[in-house]
Amino acid sequence: QVQLVEHGGGLVQAGGSLSLSCTASAPTFSRDTMAWFRQVPGKERKWLASVIGWLENRPSYADAMEGRTTIFKDLAKNTLHLQIDNLKPEDTAIYYCAATSRVREITSSADYDHWGQGTQVTVSS
């Protein structure tokens with residue numbers, strides 16, 4: 001199966017910024033919609049942002065993330081990025097990269113075909 005690998009998690013400071021990346025192992029993902037989700041233990045996996053179509057590079061954001069979040073692609077490196085500014089302790093979660101062959105805005109985790117293993121982000125005060 002195609003692999004997605006997240007990078008950039010760890011311990012970060014409240015009020016600072018976080019940068020995550022996700023690299024796809026196969027060029028067939030170049031047309032896919034890709035997204036970031038996060039999940040807190042005992043809670044539902046929550047959609048944060050997506051890029052609709054690998055080549056179109058059209059970003060979309062969850063309402064709660066708009067204004068302090070940026071999602072973007074590096075096509076040359078086949079890598080998806082996520083930046084979150086003004087970090088808060090409630091941003092602590094496991095962050096997941098996902099991809100789907102459907103070229104449209106998709107916010108449901110059930111509609112994504114491939115997932116990374118997740119990277120833990122812990123925001124300290």
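To be clear, the structure that these remarks concern was listed above.
Small disclaimer: the values here were computed from a predicted structure and weren't measured.

The next point concerns the overall build of the chain. On a plain count of helices and strands, the chain comes out with 0 helices and 11 strands. Counting from the amino terminus, the chain carries its helices and strands in the arrangement β-β-β-β-β-β-β-β-β-β-β. Along the three orthogonal principal directions, the C-alpha set of the chain runs to about 40 × 30 × 25 Å. In the chain, of all internal contacts separated by at least 6 residues, the share reaching a separation of at least 24 is 56%.

This paragraph deals with the pairing of strand S8 (residues 79–84). The pairing of strand S3 (residues 18–24) with S8 spans 6 bridges and is antiparallel. Among the inter-strand pairings, Leu20 is bridged to a residue of S8, identified as Leu82. Pairing analysis gives 6 bridges linking strand S7 (residues 69–74) to S8, with the strands arranged antiparallel. Note that in S8 the partner of Thr69 across the bridge is Ile84.

This part covers the nonpolar core. Membership of the largest hydrophobic core comes to 31 residues, with the highest contact counts inside it found for Trp36, Leu80, Leu82 and Tyr95. Going through the elements one at a time, S3, strand S4 (33–39), strand S5 (46–52), S8, strand S9 (93–100) and strand S11 (119–124) are the ones with two or more residues in this core. The leading source of residues in this core is S9, at 6 residues.

Our focus in this paragraph is unusual backbone geometry. A positive phi angle is found at Asn78, which is not glycine, with a value near 50°. Within the element layout of this structure, Asn78 appears in the loop between S7 and S8. By relative accessible area, Asn78 is classed as buried at 13%. Of note, Asn86 is a non-glycine position whose phi angle comes to about 50°, a positive value. Structurally, Asn86 can be placed in the loop between S8 and S9. For Asn86, a relative accessible area of 42% puts it in the partly exposed group.

Criteria and thresholds
Residues numbered from 1 in each chain as written. Predicted model: local features only at pLDDT ≥ 70, side-chain atom pairs only at ≥ 80, totals over all residues. Heavy atoms only, no water. Helix = DSSP H or I, 4+ residues; strand = E, 2+ residues; numbered from the N terminus. Contact = heavy atoms within 4.5 Å. Pairing = 2+ DSSP bridges. Core = buried A, V, L, I, M, F, W, Y, C linked by side-chain atoms within 4.5 Å. Buried < 20%, exposed > 50% of the residue type's maximum accessible area, 1.4 Å probe, protein only.

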